[in-house]
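The primary structure of each chain is shown beneath.
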Amino acid sequence: MREIAPGVAVIPTLIANAYLVGDRASWVLVDACTPGNESRIRRAAERRFGRGSRPRAILLTHGHFDHAGSAGPLADVWGVPIYAHPLELPYLTGRSNYPPFDLKSPGFFTRIAKFFPTGTVDLGTRAGALEPKRAIPGLPDWETIETAGHTPGHVAFFRRGDAFLLAGDAVTTMNLDSFWDTVARRKQVCRPPVPATSNWGNARRSVERLASLRPLWIASGHGVPMRDAADELSRLADNFHCPENVQC
Ligand SMILES: [Zn+2]
Ligand SMILES: [Zn+2]
């Protein structure tokens, strides 16, 4: 666990990042990594906010298993609700499955994606709707940015005061298309993870929307958080490439 900016700390795990956002008086967990990370996330939260501290809520940028995996057990231990965009709820409550990964798409991540489940966790009644136009539970200084494309109800969270962007998988800060860049975790603003992105036209529009925010910080689901990356994000939006086997 490492503080990136006031009120934001990252919990990196092998596959994905979770974030502790807020202060001792009021904080939330944004994303919950793969299943089995609940102890690690709880320990990090107790180191940051004190023993026995509980968040106001768990917020999910989207429902993929590497972001929602440990949300259920944490919600049970903490006794808090989990919120995701209404369009993600069918996937998080066992009513619908994400489309299968596009294993014909290019890149390193595609080659390992066949080992990942396309299903995700069933959070049942623990999952509630995050209404994008309303205040975010537990995060008064932040706003929800709808960023469909990677998944239908993907959201990012933005703090206008210091232009801090929690991007989920709408953009990543590592190149998952490259084995060596992934291993080195080289910082780079990149398109959403290729095989798991369902609508590339929407994904491109979401990258454009995020670029228009000119974020000072970009903290994504995958990669090391980056500062002063607004120009790089604008270049990604201006030169957006869909995978070669996809029309967009
Ligand atoms: Zn994802
Ligand atoms: Zn992810």
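The following paragraphs examine the structure supplied in this document. (Residues numbered from 1 in each chain as written. Chains lettered and ligands numbered in written order. Predicted model: local features only at pLDDT ≥ 70, side-chain atom pairs only at ≥ 80, totals over all residues. Heavy atoms only, no water.)

## Quick look at the overall build of the protein
Turning to step 1, where the next piece is worked out: Check the secondary structure of the protein and you find eight helices and twelve strands.
Turning to step 2, where the next piece is worked out: Computed over its C-alpha atoms, the radius of gyration of the protein comes to 16 Å, within 12% of the 18 Å expected for a compact globule of 248 residues.
Turning to step 3, where the next piece is worked out: Taken over the C-alpha atoms alone, the protein extends approximately 50 × 40 × 35 Å along its principal axes.
Turning to step 4, where the next piece is worked out: Across the 248 residues of the protein, 58% fall into the buried class.
Turning to step 5, where the next piece is worked out: Sequence separation of at least 24 residues holds for 65% of the intrachain contacts in the protein that already meet a minimum separation of 6.
Turning to step 6, where the next piece is worked out: Accessible area of the protein: about 10800 Å², with a carbon and sulfur share of 50%. (Helix = DSSP H or I, 4+ residues; strand = E, 2+ residues; numbered from the N terminus. Rg over C-alpha atoms; globule rule 2.2 N^0.38 Å. Buried < 20%, exposed > 50% of the residue type's maximum accessible area, 1.4 Å probe, protein only. Contact = heavy atoms within 4.5 Å. Areas by Shrake-Rupley, 256 points an atom, 1.4 Å probe, with all protein chains shown as cover.)

## Some words on the coordination of the zinc ion (ligand 1)
For a metal bound by four donors in a tetrahedral arrangement, the ideal donor-metal-donor angle is 109.5 degrees, while six donors in an octahedral arrangement ideally sit at 90 or 180 degrees.
Turning to step 1, where the next piece is worked out: Around the zinc ion (ligand 1), the protein contributes the donor atoms His-62 (NE2), His-64 (ND1), His-150 (NE2) and Asp-169 (OD), at 2.1 to 2.3 Å from the metal centre.
Turning to step 2, where the next piece is worked out: Taken together, the four donor atoms surrounding the zinc ion (ligand 1) define angles of 92 to 169° at the centre, an arrangement classified as irregular.
Turning to step 3, where the next piece is worked out: A separation of 3.4 Å is found between the zinc ion (ligand 1) and the zinc ion (ligand 2), which are bridged by Asp-169. On the criterion of sequence distance, the pair formed by His-62 in the loop between β5 (57–59) and α2 (65–68) and His-150 in the loop between β8 (143–146) and β9 (155–159) is long-range, its members being 88 residues apart.
Turning to step 4, where the next piece is worked out: A residue is classified by how much of its surface remains accessible, and His-62, at 0% relative accessible area, is buried. (Donors = N, O, S within 2.8 Å, 3.2 Å for Na, K, Ca; no water. Tetrahedral: all angles 85-135°; square planar, octahedral: opposite > 155°, others 65-115°.)

## Focus on the coordination of the zinc ion (ligand 2)
Turning to step 1, where the next piece is worked out: At 2.0 to 2.4 Å from the zinc ion (ligand 2) lie its protein donor atoms, namely Asp-66 (OD), His-67 (NE2), Asp-169 (OD) and His-222 (NE2).
Turning to step 2, where the next piece is worked out: If you look at the zinc ion (ligand 2), its four donor atoms make angles of 88 to 157° with each other, and the shape they trace is irregular.
Turning to step 3, where the next piece is worked out: Linear spacing of the donor residues for the zinc ion (ligand 2) on their chain is D-H-x101-D-x52-H.

## Points about the sheet that holds strand β6 (residues 82–84)
Turning to step 1, where the next piece is worked out: Across the sheet, seven strands lie side by side as β1-β2-β3-β4-β5-β6-β7; this open sheet has mixed pairing. The sheet is open, and its two borders are formed by β1 (2–5) and β7 (127–129), each paired with just one other strand. Mean inter-strand twist for the sheet, computed between neighbouring axes without regard to direction, equals 30°.
Turning to step 2, where the next piece is worked out: Inspection of the sheet shows strand β4 (residues 26–30) paired to β5 by three bridges, in the parallel sense. Looking across to β5, one finds that Val-30 is bridged to Leu-59.
Turning to step 3, where the next piece is worked out: Packed onto the sheet, helix α1 (residues 38–49) meets β1, β2 (8–12), β3 (17–23) and β4 and runs at close to 25° relative to β3.
Turning to step 4, where the next piece is worked out: Across the sheet, helix α3 (residues 71–78) touches β4, β5 and β6, and the angle it forms with β5 is around 165°. (Pairing = 2+ DSSP bridges. Axes fitted to C-alpha atoms, helices over the stretch in contact; angles between N-to-C directions.)

## Quick notes on the sheet that holds β8
Strand pairing in a sheet relies on backbone hydrogen bonds. The paired strands run either parallel or antiparallel.
Turning to step 1, where the next piece is worked out: What the five strands build is an open sheet, ordered β8-β9-β10-β11-β12; its pairing is mixed. Looking at the sheet topology across the chains shown, the edges are occupied by β8 and β12 (226–227).
Turning to step 2, where the next piece is worked out: Across four bridges, strand β10 (residues 164–168) lies against strand β11 (residues 217–220) in parallel orientation. In the sheet register, Leu-165 faces β11, and the bridge partner there is Ile-218.

## A few points about the side chain of His-67
Turning to step 1, where the next piece is worked out: Here His-67 is to be found in helix α2.
Turning to step 2, where the next piece is worked out: Note on His-67: relative accessible area 0%, which makes it buried.
Turning to step 3, where the next piece is worked out: Dropping the residues within four chain positions of it, His-67 is found in contact with Asp-31, Ala-32, Cys-33, Leu-60, Thr-61, His-62, Asp-169, Gly-221 and His-222.

## A short note on the side chain of Thr-34
Turning to step 1, where the next piece is worked out: Examined against the element boundaries, Thr-34 turns out to sit in the loop between β4 and α1.
Turning to step 2, where the next piece is worked out: One polar contact links Thr-34 to Asn-37, side chain to side chain, over a distance of 2.9 Å.
Turning to step 3, where the next piece is worked out: When near neighbours in sequence (up to four residues on either side) are disregarded, Thr-34 contacts Ile-15, Phe-65, Asp-66, Gly-69 and Ser-70. (Polar contact = N/O pair within 3.5 Å; in protein donor to acceptor, adjacent residues only side chain to side chain.)

## Observations concerning the pairing of β9
Turning to step 1, where the next piece is worked out: Within β9, five of the five residues are buried, which leaves the element mostly enclosed by the surrounding structure.
Turning to step 2, where the next piece is worked out: Of the two faces of β9, both are covered, the one formed by Val-155, Phe-157 and Arg-159 as well as the one formed by Ala-156 and Phe-158.
Turning to step 3, where the next piece is worked out: One ladder, built from three bridges, connects β9 with β10; its direction is antiparallel. Opposite Phe-158, over in β10, you have Leu-165 as the bridge partner.
Turning to step 4, where the next piece is worked out: Linking β9 to β10, which pair antiparallel, is a turn of four residues; within it Ala-163 sits at a positive phi near 50°.

## Structural notes on the pattern of salt bridges
Turning to step 1, where the next piece is worked out: One pass over the full model with this rule turns up ten salt bridges.
Turning to step 2, where the next piece is worked out: In this structure, Asp-162 engages Arg-159 in a salt bridge whose closest nitrogen and oxygen atoms are separated by 2.8 Å.
Turning to step 3, where the next piece is worked out: Accessibility expressed as a relative area gives 26% for Asp-162, which makes it partly exposed.
Turning to step 4, where the next piece is worked out: Looking at Arg-159, the relative accessible area reads 13%, which means it is buried. (Salt bridge = Lys/Arg side-chain N within 4 Å of Asp/Glu carboxyl O.)

What is shown is where atoms sit, not what they do.
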